[in-house]
Amino acid sequence: MNDITNYKNIKAWPFVEAIKVLKKFENLDKKQTINFETGYGPSGVPHIGTFAEVLRTNMVRNALREIKSLDSNLITFSDDMDALKKVPEDYPYPDKLSKYLNFPLSSIPDFTEKYSSYADKNNSLLKEFLNQFDFNYQFISSTEKYKSGSFDKYLLKILENYENIMNIVLPTLRKERRESYSPFLPICKITGKVLEAPITVINKEEGLIAYKSDNKFIETLVTGGNCKLQWKVDWAMRWSALKIDYEMNGKDLIPSFELSKQIAKFIYNKVPINMSYELFLDQNGEKISKSKGNGLSIDEWVTYGTKESLSLFMYQNPRRAKKLYFDCIPRSMDEYKKHFHNLKEKEQDLFENPIWHIHEGLLPKSTYPIEFSTLINLVTALNTSDKPTINKFCLLYIKNNLNHVEQNYLEEITKLAVKYFQNFILPNLKKRKPSEKEKIIIKYLIKDISSNQEEINAEEYQSLIYKYGKEVYPDNLREWFIALYQILFGADNGPRLGSLFFLYKKDKVIQLLQESIE
RNA sequence: GAGCCCGUAGCUCAGCGGUAGAGCAUUCGCCUUUUAAGCGAGGGGUCCUGGGUUCGAAUCCCAGCGGGCUCACCA
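Residues numbered from 1 in each chain as written. Chains lettered and ligands numbered in written order. Predicted model: local features only at pLDDT ≥ 70, side-chain atom pairs only at ≥ 80, totals over all residues. Heavy atoms only, no water.

### Concerning helix α7 (residues 152-160)
Just so we agree on the cut-off: Only protein chains enter the accessibility calculation, which uses a 1.4 Å probe; a residue is then buried when its area is under 20% of its type maximum, exposed when over 50%, and partly exposed in between. In this description a helix means any DSSP run of H or I spanning at least four residues, a strand means any run of E spanning at least two, and both kinds are numbered starting from the N terminus. The arc in question is formed by the directions pointing from the helix axis toward the C-beta atoms.
For α7, the full list of buried residues reads Tyr154, Leu155, Ile158 and Leu159. Angular distribution of buried residues about the axis of α7 spans 145 degrees; they occupy a single face of the element.

### Examining the protein's contact with RNA strand B
Heads up, the rule is: Only heavy atoms are used to decide nearness, and a residue is near a molecule or strand if one of them lies within 4 Å of it.
Around RNA strand B, 41 residues are found, and the nearest of them are Arg177, Lys251, Arg320, Tyr466 and Arg496. What you see for RNA strand B is that sugar and phosphate hold 63% of its atoms within 4 Å of the protein. It is helix α20 (residues 458-472) that provides the largest number of residues to the surface near RNA strand B, a total of four residues.

### Quick look at the packing of α20 against helix α22 (residues 497-504)
Let me state the cut-off plainly: Axis definition: a line fit to C-alpha positions, over the contact stretch in the case of helices; interaxial angles, taken between N-to-C directions, run 0 to 180 degrees. In these notes the angle categories are as follows: under 35 degrees is roughly parallel, over 145 is roughly antiparallel, 65 to 115 is roughly perpendicular, and the rest is oblique. Whether a crossing is left-handed or right-handed is set by the direction in which the near helix is turned from the far one by less than a right angle, anticlockwise for left-handed and clockwise for right-handed. A contact between two residues is defined here by any heavy atoms of the two lying within 4.5 Å.
The N-to-C vectors of α20 and α22 enclose an angle of 125 degrees; their axes lie 7 Å apart at closest approach. The orientation of α20 relative to α22 falls into the category oblique. The way α20 lies across α22 gives a crossing that is right-handed. For the pair α20 and α22, the contacting residues are Ala458, Tyr461, Gln462 and Ile465 in the first and Leu497, Gly498, Ser499, Phe501 and Phe502 in the second.

### Some thoughts on the environment of leucine 130
When you line up the elements, leucine 130 lands in helix α5 (residues 118-132). Expressed as a C-alpha distance, the spacing of leucine 130 and glutamate 258, which sit 128 residues apart in the sequence, is 29 Å. Each residue touching leucine 130, except ones within four places of it in the same chain, is listed here: Phe51, Val54, Thr76, Phe135 and Tyr137.

### Regarding the environment of proline 388
Mapped onto the fold, proline 388 is located in helix α17 (residues 387-398). Counting along the chain gives 181 residues from proline 388 to glycine 207, while the straight-line C-alpha distance between them is 70 Å.

### Focus on unusual backbone geometry
Residue asparagine 317 is not a glycine yet carries a positive backbone phi of 40 degrees. Residue position: asparagine 317 is located in the loop between α13 (307-315) and β12 (322-323). Backbone geometry at glutamate 360 places phi at a positive 50 degrees, although glycine is not the residue there. Considering the arrangement of structural elements, one finds glutamate 360 in the loop between α15 (354-358) and α16 (372-382). On the basis of relative accessibility, which here comes to 33%, the residue glutamate 360 falls in the partly exposed class.

### Focus on the layout of surface pockets
Put simply, the rule reads: Both cavities and pockets are sets of points on a 1 Å grid over the protein atoms alone; in a cavity a 1.4 Å probe fits but cannot get out, in a pocket the set is open with protein on both sides within 12 Å along at least five of seven lines, and lining residues sit with an atom within 4 Å of a point. Grid points are joined across faces, edges and corners, and a volume is the space filled by probe spheres set on the points. Three classes are used: nonpolar for Ala, Val, Leu, Ile, Met, Phe, Trp, Tyr, Cys and Pro, charged for Asp, Glu, Lys and Arg, and polar for all others, with Gly counted as polar.
Its boundaries defined by the atoms lining it, the largest pocket holds a volume of some 1,500 Å³. What lines the largest pocket is a set of 41 residues, among which Gly41, Ser43, His47, Thr50 and Asp252 lie closest to the centre. Those elements that place two or more of their residues in the lining of the largest pocket are β1 (33-40), α3 (48-67), α10 (231-241) and β9 (246-250). The element that contributes the greatest number of residues to the lining of the largest pocket is β9, accounting for four residues. Looking at the lining of the largest pocket, its residues break down into 17 nonpolar, eleven polar and 13 charged.

### Remarks on the sheet that holds β9
Put simply, the test is: Strands qualify as paired when DSSP identifies two bridges or more between them.
Strands sit in the order β3-β2-β1-β9-β10 across an open sheet of five strands; the sheet is parallel. The open sheet has two free edges, formed respectively by β3 (138-141) and β10 (273-277), since each of these has just one partner strand. Strand after strand, the sheet turns through a mean of 25 degrees between neighbouring axes, direction not considered. Here two bridges tie β1 to β9, and the two strands are oriented parallel to one another. For glutamate 37, the partnering residue across the bridge sits in β9 and is glutamate 247.

This is the structure in structure tokens:
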């Protein structure tokens with residue numbers, strides 16, 4: 001255990017967490033697997049918060065692996081037997097889905113007919129996201145566990161301690177809810193719905209209870225998937241059943257964690273090491289939620305930023321409330337590059353550098369050769385989605401030859417910058433029509449350019465523009481250039497036109513000018 | 001009511017025991033036959049307040065003052 005001491009001064013939170021785990025298992029010398037759990041409710045498409053939880057939990061796992069060679073396991077538990085409470089606002093078939101309210105998510109059909117159930121669809125989406133990031137995880141379906149009988153032993157234990165558990169939970173509930181509360185939610189044998197109804201214990205040893213439906217008492221087993229647990233009890237049960245050693249949760253679940261901890265005392269008393277993180281807020285400091293459409297989704301982030309930049313954002317200060325909105329993306333992209341640079345400068349900070357955590361210790365040799373915000377400025381100034389043009393300007397700017405890997409990185413982030421430009425800059429640009437006078441001048445310009453047999457160089461282009469500009473704006477050439485930017489791009493400024501035209505080459509320049517006067 | 005977080009440059013934030021930082025904004029200079037997306041330099045801060053610990057506190061502890069979020073239905 002001496003090896004912990006080498007790591008205990010590391011301030012990076014994944015190491016601090018990993019050391020919490022190791023301290024707890026200090027006295028166990030036998031070989032053992034450390035289980036990390038993350039929970040997911042597949043009532044809708046995966047939320048960026050769910051994703052953050054998996055990512056961060058995985059970072060703790062990496063840090064642990066670095067300190068000590070132990071087997072570990074990252075469990076992604078999907079609570080897919082949970083009842084559908086309401087139809088998500090963005091769901092494409094609300095009428096069809098609304099017929100399945102209170103059914104277990106895993107027993108609702110998928111109306112897109114691509115998946116075996118509603119839950120399976122959302123589970124698959126989650127797995128897709130996680131696979132994109134190459135996580136190594138074990139997906140567990142709640143429904144499968146309940147139905148296979150894996151949870152039976154624990155369900156019987158809960159029934160055995162039924163009164164004890166009721167005594168813990170009831171004082172935390174309001175009067176009305178106390179009447180209907182039960183740790184066991186029977187799956188109705190007639191309707192198939194998850195019932196929130198009081199139960200009567202019939203036989204603890206056999207696992208028999210009874211619930212009331214249509215004024216009749218119906219007996220059922222708590223085992224074999226005939227009942228599901230109410231979620232706080234469910235959570236506590238999982239800790240024992242899946243031997244969970246570590247789990248983090250949002251701060252909204254702190255009271256629930258405390259309660260589940262109490263409940264766990266009556267289910268083999270397994271309680272994981274826990275960390276709570278702050279929730280993400282939108283630009284105005286409000287909680288992000290899908291129904292409001294504020295904040296960002298995973299898809300939106302990876303449209304405009306790299307996966308690494310998203311990981312970096314998630315890594316930073318999980319205990320601090322962070323605003324998650326659009327501007328975070330370019331900022332995070334630039335920060336990634338900065339941290340990468342720091343890593344190469346001072347190696348002793350390896351474990352405190354986010355890059356180590358983002359890449360699970362397998363450090364890349366290089367990264368993109370230009371700051372993302374600079375690239376966006378460049379694309380905005382160039383006013384084009386044409387990647388070869390952007391690439392050429394980047395090379396002019398970088399003043400260095402790029403190796404093959406850097407060139408690939410540049411192409412990757414150029415795609416992102418172009419998307420950003422097309423969706424946020426371009427729609428706000430309005431090209432204006434040239435005045436009659438300007439039209440005539442542009443025609444002269446076209447004629448002059450096309451009369452050249454050979455390609456024209458940047459300086460010659462600049463001179464041509466200058467020459468004709470003097471005819472319309474003899475006193476203030478600046479206005480001529482502004483006019484050209486407005487007519488050609490819909491902006492008040494841009495790159496040096498001579499250089500741009502040279503990169504575009506004659507045919508494209510003529511086409512551009514021609515279009516502006518039509 | 002309880003819990004969690006925040007208060008550092010005009011704005012957004014990083015730093016979290018050892019000379020107060022970044023980006024944007026601002027000011028000035030340079031380059032370019034226009035503008036700059038460029039380069040360089042500068043200005044700007046009782047690090048919310050008051051105690052304590054320490055040789056030393058923006059940083060740790062306590063108390064207060066502001067601001068925000070979450071929970072007390074469901075998950």
